Amino acid sequence: MARPTLRKFRRIVVKVGSSLLVDSDAGEVRGAWLTALAADLAKLHGEGRELLIVSSGSIALGRSRLKLPRGTLKLEESQAAAAVGQIALARTWSEVLGHHGIGAGQILVTLQDTEERRRYLNARSTIAKLLEWRAVPVINENDTVATNEIRYGDNDRLAARVATMASADLLILLSDIDGLYTAPPGSNPDAKLIPIVESVTSEIEAMAGAAESELSRGGMRTKIEAAKIATTAGTHMLIASGKIEHPLQAIADGGRCTWFLTPANPVTARKRWIAGSLEPKGTLTIDAGAVSALRAGKSLLPAGVIRVDGQFARGDAVVVRGPDTHEIGRGLVAYDAEDAEKIRGRSSGDVMAILGVSGRAEMIHRDDLVVGPSGAFSQN
Ligand code: GLU
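It should be emphasised that the depicted structure is a prediction, and the values quoted were computed from it without experimental measurement.

### What about helix α6 (residues 117-132)?
Thought 1: With 16 residues, α6 ought to run about 22 Å at 1.5 Å a step, and its terminal C-alpha atoms sit 22 Å apart, in line with that.
Thought 2: Of the residues making up α6, those classed as buried are Tyr120, Leu121, Ala123, Arg124, Ile127, Leu130 and Leu131.
Thought 3: Arg134 sits one or two positions beyond α6 and adopts a positive phi of about 65°.

As C-alpha cells, this is what we get:
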C-alpha cells in the first residue's frame, strides 16, 4: 500500500510527549518549538480539519514549578505535581492556540472514562460538541486522581483510545524518535526505519525495544500498543519526530516517519464493533415509518419506538426490530430501559418534560447504529 498523504485526513489526533514540550534542564515549556507547532496546527485547522491534542507534561511541569528534586516521584507526589503542572499546561495550550483565534478545551480523562461505555459516550459527545464548535480538545490523563492500578500511565495508549473514541481517521504520535526501526537505532548502526507497517505482526512487536527518555513514560512498546488499538478500530497512525520545528509541516511535505495503516475506515470499523462484538441487552421494536427512516440513514427517535424489552443501561447495545419483529439493526442506546419505556412513542421535544432532564433527541444516534440490508442479521 502506498504512503497516505496528510491532506486526505479529516479528523486528526496529535499526541505531544513531555520530552518535546518541556525542556528537561530548565523545566519550562519549549516556547519557540510550541509556537511553531501551533502554526502547523492552525494551518491544518484553517484547511477545515478537526484537531484533537493529547498533551503530556503535567507531571514534568509541576515538578519544575514546585522545584522538586530529580528522581522517581511517589504516587501522591506525582498526583500533586500533576495538579500544579496541569494548570500551566492548559494555560499554555490555550495561549498558543488562542494566538491563532482557536479555542482550546481541556478534557482530563481516567481509564474508566474510556473503558466504561456510559462514560465513554459522555466524553465522546463533549468532544463532538467541541469539534462542532471548531474548538480543539486538549486531552490528558487526569493524573491527579489516577492511581497506579487504574491508570493509563502513558499517553500513547491514551491517545489511541481517544482517537478511536473520537472516530478520528489519523493519530500522529510526535516523539523523540522519527519512527519504528528494525532494531534500536541508538545501539545498532544497521537499524533501518520502516516507512509503512501494514499490519502489527509479532515481528513488528519484537522490533520495539524499551527505549525510554527521562521525561516520558512511553517507549516504542507503548507506541506499538497504541498502533494496535488505533488500527484495529479503523484509525491510521504515524510516528514522527517532534524534535524538529514544524513537525506536522514536515510530515505533510513527505518527511521521515512510520505509518501504521488500518485496513478499514473509522466508521465501518466502529460499526463492525457495534454489530458484531457486543452482547445485545435488549430490544427496541419500531414502527414502519422508523424502519424507512433508519434504512435512509437517519437516527432512531423515541417517537418511532413502539416497544421496549430487556434490562439495559444507557450505552448498551440493543437489537432494533421492525413491527414484524424482523431484525433491522443494532445500536448503542442513549437511554436506559426505564427511561426508554417512558419516552417511547413520544416526540423528542417531550423528553425533557417526561424525564425532567434534557436528554439526547435520539434514542439511538445514527453514528451508533448499524442498519443491515434486509436479512443481514439473524433472527434471534
Ligand atoms: N499524563 C502524563 C503527564 O502529563 C504523561 C504520560 C506520558 O508521558 O506518556 O505528565
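Read on, since the account is not over.
### Re the packing of aromatic side chains
Thought 1: Summed over the entire model, instances satisfying the criterion amount to one aromatic pair.
Thought 2: Ring geometry for Phe9 against Trp259: centres 5.8 Å apart, planes inclined by 25°, an arrangement best described as stacked. Pair noted here: Phe9 is in the segment before β1 (11-16) and Trp259 is in strand β8 (residues 257-260), with a separation of 250 residues, a long-range link.
Thought 3: Of the residues examined, Trp259 reaches a relative accessible area of 1% and is grouped as buried.

### What to know about the site of the ligand
Thought 1: The environment of the ligand is made up of 12 residues, and the closest members are Gly57, Ile59, Asn140, Asp143 and Asn155.
Thought 2: Asp143 is positioned with one of its side-chain polar atoms (N or O) 2.8 Å from a nitrogen atom of the ligand.
Thought 3: At 2.7 Å, a backbone N or O of Asn155 approaches an oxygen atom of the ligand.
Thought 4: Notes on the ligand: free accessible area 300 Å², of which the protein chains cover 98%.
Thought 5: Split into classes, the residues belonging to the shell around the ligand amount to one nonpolar, eight polar and three charged.

### Examining the side chain of Ser241
Thought 1: Of note, Ser241 is situated in strand β7 (residues 236-241).
Thought 2: Note on Ser241: relative accessible area 15%, which makes it buried.
Thought 3: One polar contact links the side chain of Ser241 to the main-chain amide nitrogen of Lys243, over a distance of 3.0 Å.

### Things to note about the environment of Tyr181
Thought 1: If you trace the backbone, Tyr181 turns up in the loop between β5 (170-175) and β6 (196-197).
Thought 2: As a C-alpha pair, Tyr181 and Thr222 span 41 residues in sequence and 15 Å in three-dimensional space.
Thought 3: For Tyr181, the contacting residues outside a window of four places in its chain are Ala191, Lys192, Leu193, Ile194, Met207 and Arg256.
Thought 4: Within the structure, Tyr181 has its side chain in polar contact with the side chain of Arg256 (distance 3.0 Å).

### Let's talk about the pattern of salt bridges
Thought 1: Applying the stated rule across the entire model yields 22 salt bridges.
Thought 2: Two residues, Arg91 and Glu95, come together in a salt bridge whose shortest N-O distance is 2.9 Å. Here the residue Arg91 and the residue Glu95 both occupy positions in helix α4 (residues 75-98), the gap between them amounting to four residues, near one helical turn.
Thought 3: Taking relative accessible area as the criterion, Glu95 reaches 48% and is therefore assigned partly exposed.

### Considerations on the nonpolar core
Thought 1: If you look at the biggest cluster of nonpolar residues, it comprises 38 residues, and the most contacted ones within it are Leu171, Met237 and Phe260.
Thought 2: Counting only elements with at least two residues in this core, the list comes to β2 (50-55), β3 (104-109), α6, α7 (155-165), β5, α9 (220-232) and β7.
Thought 3: The residues touching Leu171, leaving out its near neighbours within four places in the chain, are Val13, Ala159, Ala160, Ala163, Ala230, Thr235, His236, Met237 and Leu238.
Thought 4: If you look at the next biggest cluster of nonpolar residues, it comprises 37 residues, including Leu44, Ala88, Leu97 and Trp259.

### Re the sheet that holds β7
Thought 1: The sheet built from eight strands is open, its strands ordered β3-β4-β2-β1-β5-β7-β8-β6 with mixed pairing. Looking at which strands have only one partner, the edges of the open sheet turn out to be β3 and β6.
Thought 2: Pairing of β1 with β5, which is carried by five bridges, proceeds in the parallel orientation. Within the sheet, the bridge partner assigned to Val13 lies in β5 and is Leu171.

### Thoughts on α9
Thought 1: With 13 residues, α9 extends 18 Å between its outermost C-alpha atoms, agreeing within 8% with the 18 Å of an ideal straight helix rising 1.5 Å per residue.
Thought 2: Those residues of α9 that are buried are in contact with α7, β5, α8 (202-207), β7 and β8.
Thought 3: Note on α9: the residue one or two positions beyond its end, Gly234, has a positive phi of about 95°.

### Some words on the sheet that holds strand β13 (residues 369-371)
Thought 1: Taken together, five strands build an open sheet; the order of strands is β10-β9-β11-β12-β13 and the sheet is mixed. Of all the strands in the sheet, the pair left with one neighbour each is β10 (305-310) and β13. Neighbour to neighbour, the strand axes of the sheet diverge by 20° on average, direction disregarded.
Thought 2: In this fold helix α12 (residues 288-295) packs onto β9 (282-286), β11 (317-321), β12 (327-332) and β13, with an angle of close to 105° to the strand it touches most, β9.

### Notes on a nonpolar patch on the surface
Thought 1: Nonpolar side chains collect at one region of the surface, where Leu66, Leu68 and Val84 lie side by side and expose about 200 Å² of accessible area between them.
Thought 2: Its location among the elements puts Leu68 in the loop between α3 (58-65) and α4.
Thought 3: Residue classification places Leu68 among the partly exposed residues on the basis of a relative accessible area of 30%.

How each quantity is defined
Residues numbered from 1 in each chain as written. Predicted model: local features only at pLDDT ≥ 70, side-chain atom pairs only at ≥ 80, totals over all residues. Heavy atoms only, no water. Helix = DSSP H or I, 4+ residues; strand = E, 2+ residues; numbered from the N terminus. Expected span 1.5 Å × (residues − 1). Buried < 20%, exposed > 50% of the residue type's maximum accessible area, 1.4 Å probe, protein only. Phe/Tyr/Trp six-rings, centres within 6.5 Å; stacked < 30°, edge-to-face > 60°. Near = heavy atom within 4 Å. Polar contact = N/O pair within 3.5 Å; in protein donor to acceptor, adjacent residues only side chain to side chain. Areas by Shrake-Rupley, 256 points an atom, 1.4 Å probe, with all protein chains shown as cover. Nonpolar A, V, L, I, M, F, W, Y, C, P; charged D, E, K, R; others polar. Contact = heavy atoms within 4.5 Å. Salt bridge = Lys/Arg side-chain N within 4 Å of Asp/Glu carboxyl O. Core = buried A, V, L, I, M, F, W, Y, C linked by side-chain atoms within 4.5 Å. Pairing = 2+ DSSP bridges. Axes fitted to C-alpha atoms, helices over the stretch in contact; angles between N-to-C directions. Patch = residues over 30% accessible without salt bridge, like charges linked within 9 Å, V, L, I, M, F, W, Y side chains within 5 Å.

These figures capture arrangement, not role.
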